[in-house]
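Observations on the three-dimensional arrangement
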Amino acid sequence: MEQNINGQKQLQIELKEDVAQGVYSNLAMITHSSSEFVMDFISILPGMAKAQVKSRVVMSPEHAKRLLMALQENVSKYENSFGEIEFKGPKGSYMPPISDFHGEA
């Protein structure tokens, strides 16, 4: 860590090229125990019988809550700029209708 002008420590974050490409996911499955949250990011392709887990992230409950708060803040900022994000599917459901899934480009 390095110190900035105000004497505060700054974390240097390295983003490797292969990670910078990102992983596309259109479904997330989340499970938890008393000590950790496990988030599987999945890619569902139209017409395919199987979906593939593309990435798994494991974190502590505290960090999961921090992620939740950061996502809430960023979704709010997005909606303030671009309008409300609307779900396509049954109201009150976080899951897309898997049986009637149609890919969108």
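Residues numbered from 1 in each chain as written. Predicted model: local features only at pLDDT ≥ 70, side-chain atom pairs only at ≥ 80, totals over all residues. Heavy atoms only, no water.

Our next topic: the sheet that holds strand E5 (residues 52-59). By definition, the strands of a sheet pair up through backbone hydrogen bonds, in either a parallel or an antiparallel sense. In space, the three strands of this open sheet follow the order E3-E4-E5, with antiparallel pairing throughout. Of all the strands in the sheet, the pair left with one neighbour each is strand E3 (27-32) and E5. Adjacent strand axes in the sheet meet at a mean angle of 20 degrees, parallel and antiparallel pairs treated alike. As paired elements, E3 and strand E4 (residues 37-43) share six bridges and run antiparallel to each other. Across the sheet, residue methionine 29 finds its bridge partner in E4, namely aspartate 40. (Pairing = 2+ DSSP bridges. Helix = DSSP H or I, 4+ residues; strand = E, 2+ residues; numbered from the N terminus. Axes fitted to C-alpha atoms, helices over the stretch in contact; angles between N-to-C directions.)

As for its position among the elements, serine 43 is in strand E4. Serine 43 gets classed as buried once you look at its relative accessible area, which sits at 9%. Residue contacts for serine 43: discarding those within four places in its chain leaves Tyr24, Asn26, Ala51, Gln52 and Lys54. (Buried < 20%, exposed > 50% of the residue type's maximum accessible area, 1.4 Å probe, protein only. Contact = heavy atoms within 4.5 Å.)

Below, the discussion takes up the pattern of salt bridges. One pass over the full model with this rule turns up three salt bridges. For aspartate 40, the salt bridge goes to arginine 56, with nearest N and O atoms at 2.5 Å. Residue aspartate 40 is found in strand E4, and its partner arginine 56 is found in strand E5; the two are separated by 16 residues along the sequence. Its relative accessible area of 12% is what places aspartate 40 among the buried residues. One salt bridge connects glutamate 73 with lysine 77, and the closest N-O pair in it is separated by 3.1 Å. Note that glutamate 73 and lysine 77 are positioned in helix H2 (residues 61-82) at a spacing of four residues, about one turn of the helix. (Salt bridge = Lys/Arg side-chain N within 4 Å of Asp/Glu carboxyl O.)

Remember, this is a structural readout, not a statement about activity or role.
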